[in-house]
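# Per-entry structural report
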Amino acid sequence: MEQTLVIIKPSAVERRLIGKVVGRIEDKGMIISGMKMIQLDERILREHYAHLVDRPFFPDLVKSMTATPVIVMVLTGIDVVNVFRTMTGSTNGRKAAPGTLRGDFCMSGQANIVHASDSPENAKIEIARFFSPNEIFNYAPVDMSFFYADDEL
Ligand code: UDP
Ligand code: MG
């Protein structure tokens, strides 16, 4: 099965939304294979957001992403990169569809609750950026047959 990286951003930690985000992930049937609280810093954000380092808002992005610790998670599931990206919604919370995490929980294009890997290739790189192999657990919840048909597993 595929894996993706999630960051529950300071905008959600500050607003005590960790439980709601985790609850939606669990309700959907994605497996939480890794989860921890860490403090980000400018060095790792320059790597993680390398595509944005030259943008004028980058200093504000660093400030907002370092405002509190964050929760990083590895999720496992079939097509989980795409599934969680869809669940996340458009970058700007004001444009994100209702029902998505950003659409339901924020009004900002920066303080937008969660990060979601955007491709399986980037998910592998991002997971390795934040997790060592012994922090990722390979287990199968006993209810998997209720989340997937036999021929999907
Ligand atoms: N961001 C921002 N201003 C922008 C675009 C992006 O502050 O105009 C922030 C925002 O927090 C976003 C993150 O930079 O989630 C990464 O941007 P990206 O374009 O990769 O969006 P995402 O993949 O998070 O939807
Ligand atoms: Mg992105």
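Residues numbered from 1 in each chain as written. Chains lettered and ligands numbered in written order. Predicted model: local features only at pLDDT ≥ 70, side-chain atom pairs only at ≥ 80, totals over all residues. Heavy atoms only, no water.

### Considering the pattern of salt bridges
Heads up, the rule is: We count a salt bridge whenever a side-chain nitrogen from Lys or Arg sits within 4 Å of a carboxyl oxygen from Asp or Glu. Each helix is a run of H or I in the DSSP string that is no shorter than four residues. Each strand is a run of E no shorter than two, and both are numbered from the N terminus. The buried label goes to any residue with under 20% of its type's maximum accessible area, the exposed label to any with over 50%, and the partly exposed label to all in between, with areas taken from a 1.4 Å probe on protein chains only.
For the structure shown, the criterion picks out five salt bridges. Salt-bridge contacts for Arg24 lead to Asp104; the nearest nitrogen and oxygen are separated by 2.7 Å. On the criterion of sequence distance, the pair formed by Arg24 in helix H2 (residues 18-28) and Asp104 in helix H6 (residues 101-105) is long-range, its members being 80 residues apart. Residue classification places Arg24 among the partly exposed positions, given a relative accessible area of 23%. Under the relative-accessibility criterion, Asp104 is labelled partly exposed at 35%. Of the charged contacts, one joins Arg43 and Glu47 as a salt bridge, the two residues approaching to 3.6 Å between their closest N and O atoms.

### A short note on helix H4 (residues 58-65)
We apply this condition: Note that the arc is computed from the directions linking the helix axis to the C-beta atoms. In this description, contact between two residues means that some pair of their heavy atoms is separated by no more than 4.5 Å.
Within H4, burial applies to Phe58, Leu61, Val62 and Met65. Down the axis of H4, the smallest arc covering the buried residues is 100°, so these residues share one side. In this structure, H4 carries Pro59 and Lys63 as exposed residues pointing more than 90 degrees from its buried face. Buried residues belonging to H4 abut strand S1 (2-8), helix H1 (10-14), helix H3 (42-48) and strand S3 (70-77).

### Points about the site of ligand 1
Put simply, the rule reads: We call a residue near a molecule or strand whenever a single non-hydrogen atom of that residue lies within 4 Å of it. Definition of a polar contact: a pair of N or O atoms within 3.5 Å, with one able to donate and the other able to accept a hydrogen when the atoms are protein atoms, and with sequence-neighbouring residues admitted only if both atoms are side-chain atoms. Note on areas: Shrake-Rupley, 1.4 Å probe, and residue coverage restricted to the protein chains presented here. Both cavities and pockets are sets of points on a 1 Å grid over the protein atoms alone; in a cavity a 1.4 Å probe fits but cannot get out, in a pocket the set is open with protein on both sides within 12 Å along at least five of seven lines, and lining residues sit with an atom within 4 Å of a point. Molecule-in-pocket calls rest on the fraction of atoms, with more than half required to lie within 2 Å of the cavity or pocket grid points. Each residue gets one of three labels, nonpolar for Ala, Val, Leu, Ile, Met, Phe, Trp, Tyr, Cys and Pro, charged for Asp, Glu, Lys and Arg, and polar for the others, Gly among them.
As a matter of local geometry, ligand 1 sits amid Lys9, Tyr49, His51, Leu52, Phe57, Leu61, Arg85, Thr91, Arg102, Gly109, Gln110 and Asn112. At 3.0 Å from an oxygen atom of ligand 1 is found a side-chain nitrogen or oxygen belonging to Lys9. For ligand 1, whose accessible area on its own is 500 Å², the fraction buried by protein is 79%. Of all the cavities here, the one that holds ligand 1 is the largest pocket. Of the residues belonging to the shell around ligand 1, the class tally is four nonpolar, five polar and three charged.

Just distances and angles here, no functional claims.
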